[in-house]
Amino acid sequence: MEQAGTGQQTHCPYCALQCAMTVTASSHGRNDGVTITGREFPTNRGGLCRKGWSAADLLSHPDRLTAPLVRGADGVLREAEWDAVLHLIADRVRSIQAESGRDSVAVFGGGGLTNEKAYTLGKFARLALRTSRIDYNGRFCMSSAAAAGNRAFGVDRGLPFPLEDLDAASVVLLLGSNTADTMPPFVQHLRGAQAAAGLIVVDPRRSATARLTDQGKGVHLQPTPGTDLALLLGLAHVVVAEGLEDRRYLAARTSGYDDVARGLARWWPERVQGITGVPAAAIRATARLLAQGARSGAQGGPGAYILTGRGIEQHADGTDTTTAAINLALLLGLPGTLHSGFGTLTGQGNGQGGREHGQKADQLPGYRKITDPAARAHVAAVWGVPEDAIPGPGLPAVELLASLGRPGGTRCLFVHGANIAVSAPNASTVIDGLRSLDLLVVSDFFLSETAALADIVLPVLQWAEEEGTVTNLEGRVLRRRAAVAPPPGARSELWLMQELARLLEAPSLFSDDPATMFDELARASAGGIADYSGLDYSVLEGGAAAYWPYPAGSTGTPRLFLDAFTHPTGRAVLVPVAPRSAALDARVPAPLLLATGRLLEHYQSGTQTRRVTELLAAQPAARLQLHPATAQDLGIAQDDPVVVTSAHGEARALADLTADIRQDTVFLAFHYAEAESANRLTGGATDPVSGMPEFKTTPVRVASLSTRAFTDQLEAIA
Ligand code: SF4
C-alpha cells in the first residue's frame, strides 16, 4: 500500500473497460480526501466516466460494514466476533450437509471478484464445501456470447484483439450495446468509423450510442425488440446473394459454409423488413457497407469490425443471435485478421476473468470443462487431491436460484460479489427463496438488499483496499492495487475462505495472500484455454501487456486467431441458426415489450453507485422510458408515477417520455431495488445452450398509478 499523499496506480472498480486511475490517499485521516485521477492507458487514454471519478466516495462511506453481523432469534442483525461467526458457519454447514447431503449447500459468485477470489471461490465450493453447486452472475451477462464464441472459434475471449485496433476501422457494426452510457471512454475508439461514415448501431432505442451516428457519421437501425436474429440473417442473406462474401477466407479458414448459405436463402430483405421493421433498403446498404470495409481491411486498409453487447445476447435465443453475428463476420472474412475482427463487449469489471477460473457450474480453472477427465486430473494434481474429490457439474444460475429452499434443493447459500435480490430475474421469487433458506451467508462491504436478508453478513474489503488481478474486456490481465487502509473489522474474502476451509478440514491450500493464490491459479490454468501459466505478480508489476493465453515462456497473445482458430481443425465453424417460433412471436406487441438495461450513472444492482451522492442525485429513481404516443394512449404524462406489470410481478417508476424509443417498447434500468426493481418483471424463458435469461422482451402492461388506483377501486366495488 502507498504512503499517504503519494498516488497508487490501479484500475476502476466498475466496468470491464478497467480504466486506469491513480488513487491518492490523503495525508490526514484514513480515507478522507482520497483523490482519483485518470491515467494514460490504451482503453481509456486518461479518461474516466462519472462512476470512475466518484469511486472514492465508497471508501469512506458511512454505510460501510465493519463487523460480522448475525441474525438473532428476534430477527435482528447484530455485530459479532469473527472467530465465533466462522465457527458458527462451519457448524451449520456440517449439520445441514449431514442431514441433506453436500449439494444442499451452494455458492453464488460474481463477475466483479478478482481472479484470485473467483479462483479460490471455485476451489472453496468444491473442496471445502464439497458441493457441485456453484454458479455466478455472469450467467446473466456473458453466457450467450461465451457459448457462441466457444461454438464458433473454440474459445471465448470477449475481444480477441486490443481495443486500439478499432481506431483504424472504417466500419463498425455495434449490435445491442450502449457504450456511450455504459463505458463512455470507449467511444473514442469509434472515431475512425464515425469519420468514415461507417458507424452502424443496432438498438431499438435511439440511445446515446445510436446518436453517435448523427450528422452523417453512420446509420442507426431500430429493429423491433426480439428480432435481432432475423435482422442478422437478412444482412447475411444480402452478403451471399450479392456475392460479397470472402470466398478465399471461407475456404481456407472455416467450415460449415454450405449449410449456413442454404439456410440464408429464405431471409431476403423484404421478408426481414416485415419481421424487424428495418427497411429492406437499409439492410442492403448496411451489408454492402460492411463488405466494403471488409475488402478494405483484407487489403491492409481500414477494416470492418462487428461487436455484440447484451442487447442482442440477453435473450432466450441469445446464443443463436450471437452465432448469427459471428456467421456474418465469418462470411465477410473478419475474425482472425489484422485489420478487421469480431468481438463481444464484456460488462462487469472482471467479467472476463470471472468466467475463466472455476466459479461456473460446468468449469474448472483455465476455462477447462469439469466433465473433461484430463482437465479434472490436471486440476486435481495442482490441488493435491484425488480426482474424485472434485464434484461434477452443478446447476446454472437460474436453476440454482430456483432450487433455494425447495424440498431436496438448496438449504444454505454463500453469496460473494453479487446482489441477487436485485440483479437476478424473477427477483420476487428469488427473494422468497433467499428467505426460505436455513442459512444465508453474504459477504459484502455494504448491507445490500441480499445482505439484508442474510442470517450472517461478513464485511469484506473493497477494490482499493486489497491486492489482486482482473482481466479486462480485451483479455488483458491487470494488477489492482491496495491504495488505502481498510477499516478495522473488515477482512479479505481470501482470508475468510482460508479460515472456513481450515475449520471444514479442506484437503488443500487456501491462502489469504493474493500472490500465492494467483501463482496457484496460473499453475491450474497451464495448458487450458485461458492459460495464465507465464504470469505472476512480478511480470504484471513490470507493466507487461499480458493478454492470455500467456503460457510459460511466452509474451502473451494480444491477437487471437491470426494463424488458426482454437478448434482442433484450426478452422472457425459457421453454425446454421434460425429463429425458433417462440422467438419470432416476441415481436407481437403484448401489449408492450420491456427491455431492461443500464444507465451512465449506475452500475449493476446499484449497491455501490446508489451510495455515491453525486450519482444518486443525477439518477435518484427508476424512470420508465416510453414513447409520447404510447403515453398519450395510456393517459400518462411526463414524470407521472406508473406501475409496470408482467406475468412475474410489478414495479413502480416515473414516466420518462422520449421519442428515442419505439412505440411498442419501454425501457427500465435494473439498478434500483424493492418497488422500483426491474427484475420483479423479468423471468421468462432461458437460452437452451447458455442458460441466459430473457431480459429484453418481457411482455408488460403500463398504467399511471392514479389510473391503477381507480381500477383497483372499481374491482373492489365489483
Ligand atoms: Fe471506465 Fe467503466 Fe470505470 Fe467508467 S465505470 S471509469 S468506463 S472502467
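These remarks concern the structure in this document. Every value quoted in this text rests on a predicted model; they were computed, and no experiment measured them.

Reading the values: rules and limits
Residues numbered from 1 in each chain as written. Predicted model: local features only at pLDDT ≥ 70, side-chain atom pairs only at ≥ 80, totals over all residues. Heavy atoms only, no water. Helix = DSSP H or I, 4+ residues; strand = E, 2+ residues; numbered from the N terminus. Rg over C-alpha atoms; globule rule 2.2 N^0.38 Å. Contact = heavy atoms within 4.5 Å. Areas by Shrake-Rupley, 256 points an atom, 1.4 Å probe, with all protein chains shown as cover. Lys, Arg positive; Asp, Glu negative; His and termini not counted. Charge placed at Lys NZ, Arg CZ, Asp CG, Glu CD. Pairing = 2+ DSSP bridges. Axes fitted to C-alpha atoms, helices over the stretch in contact; angles between N-to-C directions. Parallel < 35°, antiparallel > 145°, perpendicular 65-115°, else oblique. Left-handed = near helix turned anticlockwise from the far one by under 90°. Nonpolar A, V, L, I, M, F, W, Y, C, P; charged D, E, K, R; others polar.

Let's talk about the overall build of the chain
Reasoning step 1: Each helix and strand in the chain was counted, giving 24 helices and 28 strands.
Reasoning step 2: Expected size for 718 residues packed as a compact globule is a radius of gyration near 27 Å; at 25 Å, the chain falls within 12% of this value.
Reasoning step 3: In terms of principal-axis extent, the alpha carbons of the chain reach across some 75 × 70 × 55 Å.
Reasoning step 4: At a minimum sequence separation of 6, the contacts of the chain that also span at least 24 residues come to 72%.
Reasoning step 5: Accessible area for the chain stands at about 24100 Å²; split by element, carbon and sulfur atoms hold 52% of it.
Reasoning step 6: Of note, the chain has its 63 positive side-chain charges centred 4 Å away from the centre of its 73 negative side-chain charges.

Points about the sheet that holds strand β3 (residues 35-38)
Reasoning step 1: Read across the open sheet, the 3 strands follow the order β1-β2-β3; overall the sheet is antiparallel. In the strand order of this sheet, the two ends are held by β1 (7-11) and β3, each with one partner. Each strand axis lies, on average, 30° off the axis of its neighbour in the sheet, ignoring direction.
Reasoning step 2: With 4 bridges joining them, strand β2 (residues 20-24) and β3 adopt antiparallel strand pairing.

Observations concerning the packing of helix α3 (residues 115-128) against helix α19 (residues 514-525)
Reasoning step 1: Orientation of α3 relative to α19, taken along the N-to-C sense of each, is 70°, at an axis distance of 9 Å. Of the possible angle classes, the one that applies to α3 and α19 is roughly perpendicular. Handedness of the α3/α19 crossing: left-handed. Between α3, through Asn115, Glu116, Tyr119, Thr120 and Lys123, and α19, the contact on the second element is made entirely by Pro514, Met517, Phe518, Glu520, Leu521 and Ala524.
Reasoning step 2: Looking at side-chain class alone, the contact of α3 with α19 contains 6 nonpolar, 2 polar and 3 charged residues.

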